[in-house]
Amino acid sequence: MTPQVLQELARKHGTPLYVYDGIYLRKRAVWLQDLCQPSGCLLRYAVKANPHPKIIKLYDKLGLHFDASSEYEAEHLTDLGIEPRKISLSSQQPPRNMRKALDSNIKFVATSLHQLDLVAQSGWRRELAVRLNPGLGSGHSRRTTTGGVSSSFGIWHEYLPLVLAWQKESGCVIDRVQTHIGSGADPKIWRKIIVQALKLVEELPSVTALNLGGGYSVARMPNEKETDMAAVLKGFKEELDTFQRRTGRNIDLEIEPGTWLVANSGYLLSRIIDIVDTGKKGFSFLKLDTGMNDLLRPTLYGAQHPIDVLTSAKTYRDYVIVGHNCESGDLLTPEPGNSENIMPRRLKEARIGDLVIIGGAGAYAASMRAIGYNSFPSAAEIFINE
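Quick notes on the rules
Residues numbered from 1 in each chain as written. Predicted model: local features only at pLDDT ≥ 70, side-chain atom pairs only at ≥ 80, totals over all residues. Heavy atoms only, no water. Helix = DSSP H or I, 4+ residues; strand = E, 2+ residues; numbered from the N terminus. Rg over C-alpha atoms; globule rule 2.2 N^0.38 Å. Buried < 20%, exposed > 50% of the residue type's maximum accessible area, 1.4 Å probe, protein only. Contact = heavy atoms within 4.5 Å. Lys, Arg positive; Asp, Glu negative; His and termini not counted. Charge placed at Lys NZ, Arg CZ, Asp CG, Glu CD. Phe/Tyr/Trp six-rings, centres within 6.5 Å; stacked < 30°, edge-to-face > 60°. Lys NZ or Arg CZ within 6 Å of the ring centre and 35° of its normal. Core = buried A, V, L, I, M, F, W, Y, C linked by side-chain atoms within 4.5 Å. Disulfide = S-S within 2.5 Å. 1 Å grid on protein atoms, 1.4 Å probe; cavity = no way out; pocket = protein on both sides within 12 Å on 5 of 7 lines; lining within 4 Å. Points joined across faces, edges and corners; volume = space filled by probe spheres on them. Nonpolar A, V, L, I, M, F, W, Y, C, P; charged D, E, K, R; others polar. Salt bridge = Lys/Arg side-chain N within 4 Å of Asp/Glu carboxyl O. pLDDT = per-residue confidence, 0-100. Patch = residues over 30% accessible without salt bridge, like charges linked within 9 Å, V, L, I, M, F, W, Y side chains within 5 Å. Areas by Shrake-Rupley, 256 points an atom, 1.4 Å probe, with all protein chains shown as cover. Axes fitted to C-alpha atoms, helices over the stretch in contact; angles between N-to-C directions. Parallel < 35°, antiparallel > 145°, perpendicular 65-115°, else oblique. Left-handed = near helix turned anticlockwise from the far one by under 90°. Polar contact = N/O pair within 3.5 Å; in protein donor to acceptor, adjacent residues only side chain to side chain. Pairing = 2+ DSSP bridges.

The number of helices and strands found in the protein chain is eleven helices and 19 strands. By the compact-globule yardstick of 21 Å for 386 residues, the protein chain fits well, its C-alpha radius of gyration being 22 Å. With the C-alpha coordinates aligned to their principal axes, the bounding extent of the protein chain is approximately 70 × 40 × 35 Å. Every one of the 386 residues in the protein chain was classed for burial, and the buried ones make up 52%. In the protein chain, 71% of the contacts between residues at least 6 apart in sequence involve partners at least 24 apart. Side-chain charges in the protein chain split into 46 positive and 42 negative, and the spacing between the mean points of these groups amounts to 3 Å.

Let us look at unusual backbone geometry. The omega angle of the peptide bond from Thr15 to Pro16 is 0 degrees, so this bond is cis rather than trans. Counting through the fold element by element, Pro16 comes out in the loop between helix 1 (3-13) and strand 1 (17-21). Positive phi outside glycine occurs at Asn105, with the angle close to 80 degrees. As for its position among the elements, Asn105 is in the loop between helix 5 (98-103) and strand 5 (107-110).

Below, the discussion takes up the packing of aromatic side chains. Under the defined criterion, the tally for this structure stands at six aromatic pairs. Ring-pair connections join several aromatic residues into one group, and the members of that group are Tyr18, Tyr20 and Phe383. In this structure, Arg28 is placed above the aromatic ring of Trp260, and the distance from its NZ or CZ to the ring centre is 3.7 Å.

Moving on to the nonpolar core. Formed by 90 residues in total, the largest nonpolar core has its most connected members in Tyr45, Tyr59 and Phe236. If one sorts the elements of this core by residue count, helix 8 (residues 187-202) sits on top with seven residues. When sequence neighbours within four positions are dropped, the list of residues in contact with Tyr45 reads Asn50, Ile55, Ile56, Tyr59, Leu64, His65, Phe66, Asp67, Pro257, Gly258, Leu261 and Val262.

This paragraph deals with the state of the cysteines. The tally for this structure, following the rule as stated, stands at zero disulfides. Left without a disulfide partner, Cys41 is nearest to the cysteine sulfur of Cys36, which lies 3.9 Å away. Look at Cys41 and you get buried, because its relative accessible area is 9%.

Here we come to the layout of surface pockets. Rolling a probe over the atoms, with the probe sized like a water molecule, indicates the empty space that remains. A volume near 260 Å³ is recorded for the second largest pocket. Together, 14 residues line the second largest pocket, and Asn105, Ile106, Lys107, Trp124 and Glu127 are the ones closest to its centre. Examining the composition of the lining of the second largest pocket, we find that three residues originate from one element, strand 6 (residues 127-133), more than from any other. Looking at the lining of the second largest pocket residue by residue, the class counts come to six nonpolar, one polar and seven charged.

One pass over the structure, following the stated rule, counts 21 salt bridges. Here Arg28 ties to Glu226 by a salt bridge, and the two come within 3.0 Å at their closest N and O atoms. Linking Arg28 in helix 2 (residues 22-36) with Glu226 in the loop between strand 9 (209-211) and helix 9 (229-247), this pair joins segments that are 198 residues apart in sequence. Among the ionic pairs, Arg44 bridges to Glu254, the shortest N-O distance being 3.0 Å.

What follows concerns the confidence of the model for the protein chain. Taken as a whole, the protein chain shows an average pLDDT of 94; of its residues, 96% reach a score of 70 or greater. Segment residues 137-147: pLDDT under 50, and 38 contacts once partners within four positions in sequence are set aside and those in other chains are kept.

To continue, consider a nonpolar patch on the surface. On the surface, Leu113, Tyr159 and Leu162 cluster together to form a nonpolar patch covering roughly 260 Å² of accessible area. Along the chain, the position of Tyr159 falls in the loop between strand 7 (155-156) and helix 7 (160-170).

Moving on, we get to the packing of helix 8 against helix 9. Where helix 8 meets helix 9, the closest approach of the two axes is 9 Å, and the angle between their N-to-C directions is 25 degrees. Regarding the angle of helix 8 to helix 9, the classification is roughly parallel. Between helix 8 and helix 9 lies a crossing of right-handed hand. Contacts between helix 8 and helix 9 pair Pro187, Trp190, Arg191, Ile194, Val195, Leu198, Val201 and Glu202 from the former with Ala231, Val232, Gly235, Phe236, Glu238, Glu239, Leu240, Phe243, Arg246 and Thr247 from the latter.

Here the focus is the side chain of Thr311. In this structure, Thr311 sits in the loop between strand 13 (307-310) and strand 14 (316-322). Residue class for Thr311 comes out buried when judged on its relative accessible area of 16%. At a separation of 3.2 Å, a polar atom in the side chain of Thr311 contacts the main-chain amide nitrogen of Ala313. Look past the residues within four positions of Thr311 in its chain and what remains in contact with it is Lys348, Glu349, Arg351 and Asp354.

Further remarks concern the pairing of strand 16 (residues 338-342). The pairing of strand 15 (residues 334-335) with strand 16 spans two bridges and is antiparallel. If you follow Pro334 over to strand 16, its bridge partner there is Ile342. Linking two consecutive strands that pair antiparallel, namely strand 15 and strand 16, is a turn of two residues; a positive phi of about 75 degrees is found at Gly337 within it.

Next up on the list: the side chain of Asp21. By the secondary structure assignment, Asp21 is in strand 1. The charged side chain of Asp21 is buried without a salt bridge, its nearest counter-charge being Lys27 at 8.4 Å. Within the structure, the side chain of Asp21 is placed 3.2 Å from the side chain of Asn385, a separation counted as a polar contact. Setting aside residues up to four positions removed in sequence, Asp21 forms contacts with Met1, Ser265, Ile384 and Asn385.

Quick look at the structure:
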């Protein structure tokens, strides 16, 4: 992934272009598997981060299981040959045919009281999981927080008596609990979450597995902090051991990283198509041949990505980088966590035609783009070092 390699790829394939590093994808997964092994933690890949078939097939070959956020993601996985038993389905939208989904051997997770009612109506009398909102959340913005009072994800923890009553009346067995907080890097936050989650598990005697979701942060930018997965998993194991000694129950652990596994495997290559300014008291803008139709994260919630201009220039200037869509929100350099404000970047002095490298584009980039906006075609995706 040297500048020379990226320049050659852009010349060969054109821009905009997503480039993924196969060696990085493999090493990241193997390293985390090794960390998970001592505690017996099951590693699931959160498919929504990047559902590219090559990533799915690689992680299946390495022995990972999968987390699907819709029945369509689950179908995408099974179409690629993934065994249904390896898929956990936790969706805001219930399946079109609940009984068919339950009979498919996919591990279904009910995320609301309504979904539990649909399960009962289907006549299902076997195992399933529930997603609970533990009352805690974490994230760099409200839009990346999936726990707490501002989140619609999961059944609110105070409604646990209703879940217990449903289980007794339905004849089903709740054997797994899933909980998510959003995103975070601090091992102390994750330890607090498992303590809270185990309090809920203790109220559900039939539960044998706890899924603590994803949201394990990566450092896309130099000033960002990556989750210390070794410290997090150590804390998880210690709390599970404490729970076992106190209750006599062995609880299996699952985690669902997506971003942590793939974010820094990918780059988005783009060319500068125009340079404009708004006068001495204004800003200088670099316009790219890509934008929110390929990379929506900055527009959506002020996400930050490393950006470099490949040029031999020795001087630097402040630039605001924008996309090619006819949309004032098509901004690639927003203020951190605030997509409403712009924040210029100090970059090498650029010219029209220069190649721009956007890093950290392996997760929630190609999978979350505003496809079809302004009818621009989507950036192609290629792999190197496979």
